[in-house]
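As a plain string of letters, each chain reads:
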Amino acid sequence: MNARAVETLIYEESGLLGVSGISNDMRTLLASSDPRARLAIDLYCYRIRRELGSLAAALGGLDAIVFTGGVGENSPAIRERVCRDAAWLGVDVDAVANAAGGPRISTPGARAAAWAIATDEDLMIARHTRRLLE
């Protein structure tokens, strides 16, 4: 493969689309009854669970989980699943707050808080770029 083909493979044909063969859009996968969509979602959540566990071990615990970006801001189903998988770390999701989009989506008594925070990623990239160029 040449460099362009590798770039296309990595940025356009891998990840959720590569696993599901359907789409790289979580909304499409969540709406699908295709077993390949379920596999892609399961793998996505497994990877989050694995990395979260690794980070919590390295940090000696967890104070909070913050969901941002497209899936983090807009998918109560994925947030609920990630929080459920992180229950052993003290995360306890509040179903009503999660469905409403937060910002706090964990119960008041949870040992580790969970938040859904809207972000403007393009603005942050622009700010960091400007800072580097100054």
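Residues numbered from 1 in each chain as written. Predicted model: local features only at pLDDT ≥ 70, side-chain atom pairs only at ≥ 80, totals over all residues. Heavy atoms only, no water.

> Explain the side chain of S106 here, please?
In this structure, S106 sits in the loop between α7 (95-100) and β2 (113-116). Within the local environment of S106, its side chain forms a polar contact with the side chain of R104, the two groups lying 3.1 Å apart. A polar atom in the side chain of S106 sits 2.9 Å from the backbone nitrogen of A114. (Helix = DSSP H or I, 4+ residues; strand = E, 2+ residues; numbered from the N terminus. Polar contact = N/O pair within 3.5 Å; in protein donor to acceptor, adjacent residues only side chain to side chain.)

> I'm lost on the pattern of salt bridges in this one. Help?
Pairs may arise between side chains of opposite charge once their charged atoms sit close together. Within this structure, the stated rule accounts for eight salt bridges. Between R4 and E7 there is a salt bridge, with its nearest N and O atoms 2.6 Å apart. Here R4 pairs with E7, and both are found in helix α1 (residues 3-12), just three residues apart, close to one helical turn. The closest approach of N and O atoms between E51 and R50, which form a salt bridge, is 3.4 Å. Overall, R50 belongs to the partly exposed group, its relative accessible area being 38%. (Salt bridge = Lys/Arg side-chain N within 4 Å of Asp/Glu carboxyl O. Buried < 20%, exposed > 50% of the residue type's maximum accessible area, 1.4 Å probe, protein only.)

> Hey, could you run me through the side chain of N98 in this one?
Mapped onto the fold, N98 is located in helix α7. Residue N98 is classed as buried on the basis of its relative accessible area, which comes to 3%. Discounting residues that sit within four places of it in the chain, N98 has contacts with P76, R79, E80, V93 and I105. (Contact = heavy atoms within 4.5 Å.)

> Would you mind showing me how to read helix α6 (residues 76-85) here?
Along α6, the residues that are buried comprise I78, R79, V82, C83 and D85. Buried residues along α6 cover an arc of 160 degrees about the axis, so they all sit on one side. Those residues of α6 that are buried are in contact with α3 (26-31), α4 (35-59), β1 (64-67), α5 (69-74), α7 and β2. (Arc of directions from axis to C-beta.)

> Would you explain the state of the cysteines in this entry?
Linking two cysteines covalently via their sulfur atoms produces the bond known as a disulfide. Taken as a whole, this structure holds zero disulfides when the rule is applied. Note on C45: no disulfide assigned, nearest cysteine sulfur contributed by C83 at a separation of 11 Å. Note on C45: relative accessible area 1%, which makes it buried. (Disulfide = S-S within 2.5 Å.)

> Got a minute to help me understand the environment of D42 in this structure?
Tracing the sequence through the fold places D42 in helix α4. A relative accessible area of 37% means that D42 is categorised as partly exposed. Residues D42 and R81, 39 residues apart in the sequence, show an inter-C-alpha distance of 9.8 Å.

> What is the right way to look at empty space enclosed by the protein in this model?
Tallying each qualifying case throughout the model produces one cavity of 30 Å³ or more. When its volume is computed, the largest cavity comes out at roughly 30 Å³. In terms of lining, the largest cavity is formed by R49, L52, G53, V82, D85, A86, W88 and L89. Those elements that place two or more of their residues in the lining of the largest cavity are α4 and α6. A per-element tally of the lining of the largest cavity places α4 first, with three residues. (1 Å grid on protein atoms, 1.4 Å probe; cavity = no way out; pocket = protein on both sides within 12 Å on 5 of 7 lines; lining within 4 Å. Points joined across faces, edges and corners; volume = space filled by probe spheres on them.)

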